[in-house]
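If you want the building blocks of each chain, they are given just below.
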Amino acid sequence: MNRIWWWASAGLALVYLSIGALLYLQFRTTELAVHRGDVHGLWSFQRLAVEQFRLEADAHRYLRTPTAAAREALHMRYEVFLSAMQAVKVGTPHALMRGDPHYAQFVDAQEDFMRAGDALFEQAEHLPDGVALPLLDQLQLLAPVINELTLAANREASAGVDARNAQLQSQAVQTTALTLFLVVMSALLALGMFRHWRK
């Protein structure tokens, strides 16, 4: 009889270890789902689209009035736009969209844009009329890429939130079921041991 109880206790210990491993896997899966559903990553793509429109507006303003103040404003807006482009290439935005073809297209297009922009601002302090046109040309090429990327980021973030919610709900159900199972197994073992020692 003692041997039977030893095997029963060992079997129950293995069950506990298996359940612990399963709970850890659930935790890792949920962590990945939560990371994918991080909607804060979407904000970086929205900011990129906004800064693109602002840069375009300042470039047109400089073409109309090519003053030193307008050039300085254009340069500042250009630097802010570069910062917005870099923000979507790291962290959560990168993890969110790195597998999307629109993201790869954006990475290539933004390199061309940066070369044109850097060449523009390496020129003399007082730029001649129309010098912002190359920048605008590159911006016009980049704009549809940013638009498609923003739409794709919206879809990916929405899908991520749905996956996160589904995973959290699934984990809640599984954890509840496992907890009830452990309670029943522990109660049966305790009852069996109690009856055994009474005999």
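In this text the structure is predicted, and so the values were computed from the model without any measurement.

Engineer: Describe the overall build of the protein chain, naming the residues involved and giving the relevant values.
Structural biologist: What the protein chain contains, in helices and strands, is six helices and zero strands. Along the chain direction, N to C, the helices and strands of the protein chain fall in the order α-α-α-α-α-α. Of all 199 residues assigned to the protein chain, the portion counted as buried reaches 33%. The long-range share in the protein chain, meaning contacts at least 24 apart out of those at least 6 apart in sequence, stands at 84%. By element, 64% of the accessible surface of the protein chain is carried by carbon and sulfur atoms, the whole surface being about 12100 Å².

Engineer: An account of the packing of aromatic side chains is requested, with residue identities and associated values reported.
Structural biologist: For the structure shown, the criterion picks out two aromatic pairs. Geometrically, the ring pair formed by Phe81 and Phe113 is edge-to-face, given 5.3 Å between the ring centres and 85° between the ring planes. Of this pair, Phe81 sits in helix H3 (residues 68-87) while Phe113 sits in helix H5 (residues 101-121), and the two are 32 residues apart along the sequence. In terms of burial, Phe81 and Phe113 fall into one category: buried. Members of the aromatic cluster, joined through ring pairs, are Tyr78, Phe81 and Phe113.

Engineer: I'd love a proper account of the nonpolar core, names of residues and values included.
Structural biologist: Formed by 35 residues in total, the largest nonpolar core has its most connected members in Leu48, Phe81, Phe106 and Phe113. Elements with a contribution of two residues or more to this core: helix H2 (40-64), H3, helix H4 (91-97), H5 and helix H6 (133-198). With ten residues, H6 is the largest single contributor of residues to this core. Residues within four places of Phe81 in sequence aside, it is in contact with Leu48, Glu51, Gln52, Leu55, Phe113, Leu139, Leu142 and Ile146.

Engineer: Break down the pattern of salt bridges for me, citing the residues and quoting the values.
Structural biologist: Throughout the structure, instances matching the rule amount to five salt bridges. Here Asp112 and Arg115 are joined by a salt bridge, their closest N and O atoms 2.1 Å apart. Within this pair, Asp112 and its partner Arg115 are both found in helix H5, separated by three residues, close to a single helical turn. Classification of Asp112 by relative accessible area gives partly exposed; the value is 36%.

Engineer: An account of the packing of H3 against H5 is requested, with residue identities and associated values reported.
Structural biologist: One way to put it is that H3 packs onto H5 with a least axis distance of 12 Å and a crossing angle of 155°. When the interaxial angle is binned, H3 and H5 end up roughly antiparallel. When the axes of H3 and H5 are compared, the crossing they make is left-handed. Contacts between H3 and H5 involve Arg71, Leu74, His75, Tyr78, Phe81, Leu82, Met85 and Gln86 from the former and Phe106, Gln110, Phe113, Met114, Gly117, Asp118 and Phe121 from the latter. Partitioning the contact of H3 with H5 into residue classes produces nine nonpolar, four polar and two charged.

Engineer: Hey, could you go over H5 for me, with residue numbers and the actual values?
Structural biologist: The terminal C-alpha atoms of H5, which comprises 21 residues, lie 31 Å apart, in line with the 30 Å expected from a rise of 1.5 Å per residue. One side-chain oxygen of the residue at the start of H5 lies 2.8 Å from the amide nitrogen of His102, identifying that residue as Asp100.

Engineer: Tell me about the environment of Leu96, and please be specific about residues and values.
Structural biologist: Position of Leu96 relative to the elements: it lies in helix H4. Taking relative accessible area as the criterion, Leu96 reaches 9% and is therefore assigned buried. Between the C-alpha atom of Leu96 and that of Ala153, which follows or precedes it by 57 residues, the distance is 7.6 Å.

Engineer: Which residues make up H3, and what are the values?
Structural biologist: An ideal rise of 1.5 Å per residue puts 28 Å on 20 residues; H3 measures up with 29 Å between its terminal C-alpha atoms. Taken as a whole, H3 has its buried residues at Ala70, Arg71, Leu74, Tyr78, Phe81, Leu82, Ala84 and Met85. Take H3 and look down its axis: the buried residues cluster within an arc of 160°, on one side only. Facing away from the buried side of H3 by over 90 degrees, the exposed positions are Ala69 and Met76.

What counts, and where the lines are drawn
Residues numbered from 1 in each chain as written. Predicted model: local features only at pLDDT ≥ 70, side-chain atom pairs only at ≥ 80, totals over all residues. Heavy atoms only, no water. Helix = DSSP H or I, 4+ residues; strand = E, 2+ residues; numbered from the N terminus. Buried < 20%, exposed > 50% of the residue type's maximum accessible area, 1.4 Å probe, protein only. Contact = heavy atoms within 4.5 Å. Areas by Shrake-Rupley, 256 points an atom, 1.4 Å probe, with all protein chains shown as cover. Phe/Tyr/Trp six-rings, centres within 6.5 Å; stacked < 30°, edge-to-face > 60°. Core = buried A, V, L, I, M, F, W, Y, C linked by side-chain atoms within 4.5 Å. Salt bridge = Lys/Arg side-chain N within 4 Å of Asp/Glu carboxyl O. Axes fitted to C-alpha atoms, helices over the stretch in contact; angles between N-to-C directions. Parallel < 35°, antiparallel > 145°, perpendicular 65-115°, else oblique. Left-handed = near helix turned anticlockwise from the far one by under 90°. Nonpolar A, V, L, I, M, F, W, Y, C, P; charged D, E, K, R; others polar. Expected span 1.5 Å × (residues − 1). Polar contact = N/O pair within 3.5 Å; in protein donor to acceptor, adjacent residues only side chain to side chain. Arc of directions from axis to C-beta.

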